[in-house]
Amino acid sequence: MKESTEVAELVEKARAAQAVFEQYSQQQVDEVVTALGWAIMREDNNRSLSEQAVADTGLGNVADKMIKNHRKTLGLLRDLKGAKSVGVIAEFPEMGLVEIAKPVGVVAAIVPSTNPAATPANKTINAIKCRNAIILAPSPKGQYTCDSLVRMMHEELDRVGAPRDLVQKLPSPVNKQHTLELLQQADLVVATGSQNNVRTAYTCGTPAVGVGAGNVVTIVDETAHLAAAAEKIVKSKTFDNATSCSSENSMVVVGSVFDGMLESLAQQKAVLLTHDEANQLQQALWQSGHLNPSLIAKDAEHIATELGFDSQRFSGVTVLMVEQNQFGADYPFSGEKLSPVLSVYRAQDFEDAKEIARGIMNFQGKGHSLGIHSTDDERILDLGLNMHACRVIVNQAHCFATGGSFDNGLPFSLSMGCGTWGNNSISDNMNYRHYMNVTRIARQIPAVEPSLDDVFGDYWRYYDIPHKR
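These notes cover the structure that comes with them. What you are looking at is a predicted structure, and each value in this text was computed from that prediction instead of being measured.

### A few points about the overall build of the protein chain
Right, so step 1: Scanning the protein chain from terminus to terminus reveals 16 helices and 17 strands.
Right, so step 2: In terms of overall dimensions, the protein chain is globule-like: its C-alpha atoms have a radius of gyration of 24 Å, near the 23 Å expected for 469 residues.
Right, so step 3: In terms of principal-axis extent, the alpha carbons of the protein chain reach across some 70 × 70 × 45 Å.
Right, so step 4: Counting over 469 residues, the protein chain shows a buried share of 55%.
Right, so step 5: Look at the contacts in the protein chain between residues 6 or more apart in sequence, and 71% of them connect residues 24 or more apart.
Right, so step 6: Of the accessible surface of the protein chain, which amounts to about 20,900 Å², a share of 51% is contributed by carbon and sulfur atoms.
Right, so step 7: In the protein chain, the 42 positive side-chain charges and the 54 negative ones have mean positions that sit 5 Å from each other.

### Quick word on the sheet that holds strand E17 (residues 436-442)
Whether parallel or antiparallel, the strands of a sheet pair through hydrogen bonds between backbone atoms.
Right, so step 1: The strand order across the open sheet formed by 3 strands is E1-E2-E17, and the pairing between neighbours is antiparallel. Each edge of the open sheet is held by one strand with a lone partner, namely strand E1 (87-92) and E17. The mean angle between the axes of side-by-side strands here comes to 25°, regardless of whether they run parallel or antiparallel.

### Brief notes about a nonpolar patch on the surface
Right, so step 1: On the surface, Leu 452, Val 455, Phe 456, Tyr 459, Tyr 462 and Tyr 463 cluster together into a nonpolar patch covering about 720 Å² of accessible area.
Right, so step 2: Tracing the chain through its elements places Val 455 in helix H16 (residues 452-463).

### Focus: the environment of Ala 270
Right, so step 1: Mapped onto the fold, Ala 270 is located in strand E10 (residues 270-272).
Right, so step 2: Linking Ala 270 and Phe 21, residues 249 residues apart in sequence, is a C-alpha distance of 51 Å.
Right, so step 3: Once residues lying within four places of it in the same chain are set aside, the contact partners of Ala 270 are Leu 265, Thr 318, Val 319 and Met 321.

### A word on the packing of aromatic side chains
Right, so step 1: Counting across every chain of the model gives 8 aromatic pairs.
Right, so step 2: Taking 4.9 Å as the distance between ring centres and 70° as the angle between the ring planes, the aromatic pair formed by Phe 21 and Tyr 24 counts as edge-to-face. Here Phe 21 matches Tyr 24 in class, with each residue buried.
Right, so step 3: Where Phe 406 meets Phe 412, the ring centres are 4.9 Å apart and the plane angle is 45°; that geometry is what we call tilted.
Right, so step 4: We classify Phe 412 as buried; its relative accessible area is 1%.
Right, so step 5: Here the aromatic residues Tyr 459, Tyr 462 and Tyr 463 are joined through ring pairs into a cluster of three or more.
Right, so step 6: Between the NZ or CZ atom of Arg 346 and the centre of the ring of Phe 258, over which it lies, the distance is 3.9 Å.

### As for helix H13 (residues 350-363)
Right, so step 1: When the terminal C-alpha atoms of H13 are compared, their 20 Å separation across 14 residues agrees well with the 20 Å that a helix rising 1.5 Å per residue should span.
Right, so step 2: By the burial criterion, the buried members of H13 are Phe 350, Ala 353, Lys 354, Ile 356, Ala 357, Gly 359, Ile 360 and Met 361.
Right, so step 3: Buried positions along H13 lie against strand E8 (216-220), strand E9 (248-254), strand E14 (341-347), strand E15 (370-373) and helix H14 (377-386).
Right, so step 4: Looking one or two residues beyond H13, the residue adopting positive phi is Gly 365, at roughly 95°.

### Observations concerning unusual backbone geometry
Right, so step 1: Each neighbour pair has its own omega, and for Ser 172 with Pro 173 the value is 0°, a cis peptide bond.
Right, so step 2: Note on placement: Pro 173 falls in the loop between strand E5 (167-169) and helix H7 (176-185).
Right, so step 3: The backbone phi angle of Asp 240 is positive, close to 50°, even though this residue is not glycine.
Right, so step 4: By the element assignment, Asp 240 lies in the loop between helix H9 (226-238) and E9.
Right, so step 5: A positive phi is found at Asp 464, a non-glycine position, where the angle reads about 55°.
Right, so step 6: Counting through the fold element by element, Asp 464 comes out in the segment after H16.

### Observations concerning the sheet that holds strand E6 (residues 188-191)
Right, so step 1: In spatial order, the strands read E5-E4-E3-E6-E7; together these 5 strands make up an open sheet with parallel pairing. Because the sheet does not close on itself, it has two edges, and the strands there are E5 and strand E7 (208-210). Within the sheet, the average angular offset between the axes of one strand and its neighbour, ignoring direction, is 20°.
Right, so step 2: Taken together, the 4 bridges between strand E3 (residues 106-111) and E6 define a ladder with parallel strand orientation. In the strand pairing of E6, Ala 108 is matched with Val 189.
Right, so step 3: Against the sheet, helix H1 (residues 5-21) touches E3, strand E4 (133-138) and E5, its axis set at about 150° to E4.
Right, so step 4: Across the sheet, helix H6 (residues 143-160) touches E4 and E5, and the angle it forms with E5 is around 160°.

### Structural notes on the packing of helix H2 (residues 26-41) against helix H5 (residues 118-129)
Right, so step 1: Orientation of H2 relative to H5, taken along the N-to-C sense of each, is 175°, at an axis distance of 9 Å. Compared by their axis directions, H2 and H5 come out roughly antiparallel. Residue-level inspection shows Gln 26, Val 29, Asp 30, Val 32, Val 33, Leu 36, Gly 37 and Ile 40 of H2 in contact with H5, the latter providing Ala 118, Ala 121, Thr 124, Ile 125, Ile 128 and Lys 129.

### Details of the environment of Asp 453
Right, so step 1: Tracing the backbone shows Asp 453 in helix H16.
Right, so step 2: Among the residues examined, Asp 453 registers a relative accessible area of 29% and is labelled partly exposed.
Right, so step 3: Spatially, the C-alpha atom of Asp 453 lies 9.9 Å from that of His 467, the residues being 14 residues apart in sequence.
Right, so step 4: Within the local environment of Asp 453, its side chain forms a polar contact with the side chain of Arg 461, the two groups lying 3.4 Å apart.

### Considering the pairing of strand E2 (residues 97-103)
Right, so step 1: With respect to burial, E2 is a largely interior element, 5 of its 7 residues being buried.
Right, so step 2: For E1 and E2, the ladder comprises 5 bridges, and the chain directions are antiparallel. When the bridges of E2 are listed, Phe 92 appears paired with Leu 97.
Right, so step 3: Linking two consecutive strands that pair antiparallel, namely E1 and E2, is a turn of 4 residues; a positive phi of about 70° is found at Gly 96 within it.
Right, so step 4: Taken together, the 7 bridges between E2 and E17 define a ladder with antiparallel strand orientation. The residue of E17 that forms the bridge with Glu 99 is Arg 440.

Rules and cut-offs
- Residues numbered from 1 in each chain as written.
- Predicted model: local features only at pLDDT ≥ 70, side-chain atom pairs only at ≥ 80, totals over all residues.
- Heavy atoms only, no water.
- Helix = DSSP H or I, 4+ residues; strand = E, 2+ residues; numbered from the N terminus.
- Rg over C-alpha atoms; globule rule 2.2 N^0.38 Å.
- Buried < 20%, exposed > 50% of the residue type's maximum accessible area, 1.4 Å probe, protein only.
- Contact = heavy atoms within 4.5 Å.
- Areas by Shrake-Rupley, 256 points an atom, 1.4 Å probe, with all protein chains shown as cover.
- Lys, Arg positive; Asp, Glu negative; His and termini not counted.
- Charge placed at Lys NZ, Arg CZ, Asp CG, Glu CD.
- Pairing = 2+ DSSP bridges.
- Axes fitted to C-alpha atoms, helices over the stretch in contact; angles between N-to-C directions.
- Patch = residues over 30% accessible without salt bridge, like charges linked within 9 Å, V, L, I, M, F, W, Y side chains within 5 Å.
- Salt bridge = Lys/Arg side-chain N within 4 Å of Asp/Glu carboxyl O.
- Phe/Tyr/Trp six-rings, centres within 6.5 Å; stacked < 30°, edge-to-face > 60°.
- Lys NZ or Arg CZ within 6 Å of the ring centre and 35° of its normal.
- Expected span 1.5 Å × (residues − 1).
- Parallel < 35°, antiparallel > 145°, perpendicular 65-115°, else oblique.
- Polar contact = N/O pair within 3.5 Å; in protein donor to acceptor, adjacent residues only side chain to side chain.

This is the structure:
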């Protein structure tokens, strides 16, 4: 396949701009970061981008996308304020070490259609914070929203006198050949989106940071405040019509509070489907083994209307609940649904709830995150110690909390690493430190060399091992 000159020209321009930008001071870099944040948070820009995103992709809703663009960017700017990314960033005199931040160069960023403005903005600001240039590779559905975002960012780069070519995107219409060429020519790839995109990033030959699949399970035990748990789950599950990989997909409830939890959810306008309704939904939501694009990321009432469900019963419905007792490939409701559809499992007790959650995550979403609504700190720690999840979200609306929140300590991000469990190289929220190289100056210090007895003494004595001192 003949390589195009278009991508090479983009990369060449990015390298020239990055060479200039690398000489910026921390203060100058932070001014550029602020400018790019304003490009998406300015209310008229935010509204325009949100409206275009829904029109272009058919996913989510304008009001929630505006909240997401604002909140995620504001949180990121909070995280980056005062963070060192130029020159000496840390000193450890007792170890004789000095850490110096360096750019990685040109970043290629794969971004999904579910967040065609918030995700590229997040990646761009993180990359720029570390004095890189970035070239965005949006999904075909989100490319025109990304065009608009880049244009808005260029206006702000002009305002502060920074090179425009620090932020670029592949030309529209975006295609697979251009995307692959970009990945191969860049210095670092950061990939968010389908697992096919992530696998392509990992195998392109360029160092890559990717994220895993979501399929969040949340556990509700008998110590939980049911009304509060129900309100948070519905708020999270309905936000932007469940486009987030961090939306709850399954809820596992300890049996003694199962009925009470369903009653609390009913108070939030969540409706439990009958067996026949659930079968009808399954046939409609999955077509030839894939999620039906005409139903995903639509609100629950729209889905109910499309399926011809009773209009009075489903008037104002927020979440469609489906009771399940199995998981795996033969039970699609146990996977990610990208819609306000919540699978509900009844557990005998907390140990059984853990096993159900583990089975669901082993099928899909392993490593991503797990929610729990409980007031039992030992059980919360138990999940952290024993479950293959990189984040355990406690008594919070999951989709708001997982990617960082103003009331928890996780970094603001739209890209969640899932560790080796999710075939990822990182287990934390992708953040600015993933966009930098670090040089370490090592000076000589007084030697710290243990004796053999320091290391092996207890072992020798416990096992009565003969040894020479």
